[in-house]
Every structure is written in C-alpha cells, then in structure tokens.
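# Chains, contacts and geometry: an overview
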Amino acid sequence: MNEQIRAREVRLVGPEGEQVGIVPLERALQLAADVDLDLVEVAPMARPPVCKLMDFGKFKYESALKAREARRNQQQTVIKEMKLRPKIDPHDYETKKGHVVRFLKAGDKVKVTIMFRGREQSRPELGYRLLRRLESEITELGYVESAPKQDGRNMIMVLAPHRAVKASAVAATASRGGPRERTAEDSVAATEPEAATESVAAGESAAAGETGGTADTSGQ
C-alpha cells in the first residue's frame with residue numbers, strides 16, 4: 001500500500017472502478033495524494049500489478065462489517081436425535097413428534113432412531129411403518145434425507161427441513177442478533193429419549209417379573 005509498493009509502474013484503477021491505465025508508480029502515488037486516498041495493490045501478482053485508489057480505512061471497516069453480518073446470518077447444520085420404540089404409546093409419540101417439528105422449524109436435521117429389543121427385532125416392519133407415519137405427518141416442514149435403514153438393533157431415518165423452512169429459521173436467528181442459545185427446553189428434549197427408554201425398560205422388567213415371562217409392550 002502506498003510507499004510500500006515496489007513496482008516501477010502499475011495498472012491503475014480509479015476510486016469508482018474506472019480504468020486509468022498503466023502509469024508510473026510516482027504518478028499513481030501523486031494521483032492518490034491529490035484526492036486524499038490510498039494506493040492499494042489489489043492484484044500484486046499481475047504484471048504490472050493492479051492498484052486501486054481507495055480509502056483503505058473505510059474499506060477495512062466495511063469489510064469487517066460484512067464479515068460480521070455473514071457470521072451472524074450463517075447457521076451451522078445441527079443434527080438432533082429422537083429415539084422411539086416400535087410400540088410407543090400414542091401420547092409419547094405425539095410428544096416426540098412435537099420435538100421433531102420444533103427441531104425442523106429451527107432449521108435442524110433430525111436423526112430418528114427406532115430401538116428394537118428382544119423379539120421386536122424379528123418385526124422390523126413395525127419400525128418402518130412408524131417412520132413412514134412420522135414422515136407423512138411432517139411433510140410441510142421437512143423431507144427424508146436418508147431413507148429408513150436397519151443398523152443392528154436400530155432402524156434409522158434422517159429428516160431435513162425444506163429450504164424455505166431453513167431460510168425462515170436463519171432469518172429469525174439473524175433478527176434476534178445471532179445464533180439461538182440452548183434453552184432448558186432443548187435440554188429436556190435432548191435427554192427425554194433416553195429417560196423414556198429407561199422408563200419403558202423398567203416397566204418391562206417389572207411386568208416380566210410379575211408374569212414370569214416376556215412383558216407385553218403392545219400398549220407402549
């Protein structure tokens with residue numbers, strides 16, 4: 001910039017982007033001084049290097065503002081996880097579907113996991129039907145990014161928000177002045193699947209102890 005430039009001549013660009021042409025460095029520096037601007041190399045590897053007349057302090061300030069705005073509007077892709085049992089209770093299903101809806105509205109992807117236990121593993125169609133039901137009920141907000149597939153004792157499907165839904169979430173985040181902070185509700189949603197699973201497992205164990213056989217989870 002300015003006297004730090006070592007080339008003998010430069011291709012000069014005016015403050016409004018107009019092409020001045022190739023001029024000696026001394027002439028370019030004099031023109032910069034005449035209009036109280038800086039001579040800045042914008043393409044130092046060119047032959048001759050390209051220099052522009054500009055207010056470098058203002059340029060740095062505006063660049064910092066643009067970078068800050070870009071970071072504010074940027075939303076990292078987050079993958080939430082929701083776990084269900086193939087014979088989940090209707091009320092529990094609606095509760096967890098509500099969490100999935102909220103995650104999609106926030107612009108997040110959702111990994112939905114159906115957990116099979118014991119003899120349930122021989123009936124993967126139960127999990128498949130449950131995932132397809134969930135898919136049909138959230139079509140306005142998202143779509144299936146990864147189709148249901150068996151992974152050991154689990155069946156996994158990934159949902160992603162529609163582009164318009166994610167754009168709306170990004171705009172809402174920007175209007176609030178930055179990324180949404182994690183709330184207590186998020187903590188409950190994140191820990192609920194495991195807690196619910198433990199409760200179901202405890203109920204099954206108690207039932208098995210009373211009957212002396214395998215617990216019937218059809219009411220879940």
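Keep in mind it's a predicted model, so treat the numbers as computed, not measured.

## Observations concerning the confidence of the model for the chain
Per-residue confidence for the chain averages 80 on the pLDDT scale, and 76% of its residues sit at or above 70. A low-confidence stretch, residues 180–220 stays under pLDDT 50, and its non-local contacts, those more than four residues away or across chains, total 46 contacts.

## Details of unusual backbone geometry
A cis amide bond links Arg47 with the next residue in sequence, Pro48, at an omega value of -5°. In this structure, Pro48 sits in the loop between strand 3 (38–43) and strand 4 (50–54). In this structure, Asn2 is a non-glycine residue whose phi angle is positive, near 50°. Along the chain, Asn2 falls in the segment before strand 1 (9–13). By relative accessible area, Asn2 is classed as buried at 15%. At Asp36, a position not held by glycine, the phi torsion is positive, near 55°. Considering the arrangement of structural elements, one finds Asp36 in the loop between helix 1 (25–34) and strand 3.

## Some points on the pattern of salt bridges
Under the criterion given, the structure shown has eight salt bridges. One salt bridge connects Arg133 with Glu137, and the closest N-O pair in it is separated by 3.3 Å. Of this pair, Arg133 and Glu137 both sit in helix 4 (residues 124–137), separated by four residues, roughly a single helical turn. Among the residues examined, Glu137 registers a relative accessible area of 34% and is labelled partly exposed.

## Side note on the pairing of strand 2 (residues 19–24)
Remember that side chains alternate between the two faces of the sheet whenever the strand is regular. Pairing of strand 1 with strand 2, which is carried by five bridges, proceeds in the antiparallel orientation. In the sheet register, Val10 faces strand 2, and the bridge partner there is Val23. Here strand 1 hands over to strand 2 after five residues, with Gly17 in that stretch at a positive phi of 90°.

## Some details on the sheet that holds strand 6 (residues 109–115)
Strand order in this open sheet of four strands is 5-6-8-7, and the pairing throughout is mixed. Here the strands that pair on one side only, and so sit at the sheet edges, are strand 5 (79–84) and strand 7 (142–151). Adjacent strand axes in the sheet meet at a mean angle of 20°, parallel and antiparallel pairs treated alike. Taken together, the six bridges between strand 5 and strand 6 define a ladder with parallel strand orientation. Considered in strand 6, the bridge of Ile79 is made with Lys109. With respect to the sheet, helix 3 (residues 90–105) is in contact with strand 5, strand 6, strand 7 and strand 8 (154–161), its orientation differing from that of strand 5 by roughly 170°.

## Section: helix 3
An ideal rise of 1.5 Å per residue puts 22 Å on 16 residues; helix 3 measures up with 22 Å between its terminal C-alpha atoms. Residues Tyr93, Lys96, Lys97, His99, Val100, Val101, Phe103 and Leu104 constitute the buried set of helix 3. Near the N-terminus of helix 3, the side chain that reaches the backbone nitrogen of His91, with its oxygen 2.9 Å away, is that of Asp89. Where helix 3 terminates, the next one or two residues include Gly107, which has phi positive at roughly 85°.

## Brief notes about the nonpolar core
Counting 21 residues, the largest nonpolar core has Leu84, Leu104, Val110, Val112, Ile114 and Leu159 as the members making the most contacts within it. Looking at this core, the elements with two or more residues in it are strand 5, helix 3, strand 6, helix 4 and strand 8. With five residues, helix 3 is the largest single contributor of residues to this core. Not counting residues up to four positions away in its chain, the partners in contact with Leu84 are Tyr93, Lys96, Val112, Thr113, Ile114, Met115 and Leu130. The next biggest cluster of nonpolar side chains, apart from the first, holds 10 residues, and it includes Ile5, Val10, Ala28 and Cys51.

## Considerations on the sheet that holds strand 3
One open sheet holds the four strands; their spatial order is 2-1-4-3, and the pairing between them is mixed. Strands with a single pairing partner mark the edges of an open sheet, and in this sheet they are strand 2 and strand 3. On average, each strand axis in the sheet is inclined to that of its neighbour by 35°, with strand direction left out of account. This element, helix 1, spans strand 1, strand 2, strand 3 and strand 4 of the sheet and lies at about 125° to strand 2.

Cut-offs applied
- Residues numbered from 1 in each chain as written.
- Predicted model: local features only at pLDDT ≥ 70, side-chain atom pairs only at ≥ 80, totals over all residues.
- Heavy atoms only, no water.
- pLDDT = per-residue confidence, 0-100.
- Contact = heavy atoms within 4.5 Å.
- Helix = DSSP H or I, 4+ residues; strand = E, 2+ residues; numbered from the N terminus.
- Buried < 20%, exposed > 50% of the residue type's maximum accessible area, 1.4 Å probe, protein only.
- Salt bridge = Lys/Arg side-chain N within 4 Å of Asp/Glu carboxyl O.
- Pairing = 2+ DSSP bridges.
- Axes fitted to C-alpha atoms, helices over the stretch in contact; angles between N-to-C directions.
- Expected span 1.5 Å × (residues − 1).
- Polar contact = N/O pair within 3.5 Å; in protein donor to acceptor, adjacent residues only side chain to side chain.
- Core = buried A, V, L, I, M, F, W, Y, C linked by side-chain atoms within 4.5 Å.

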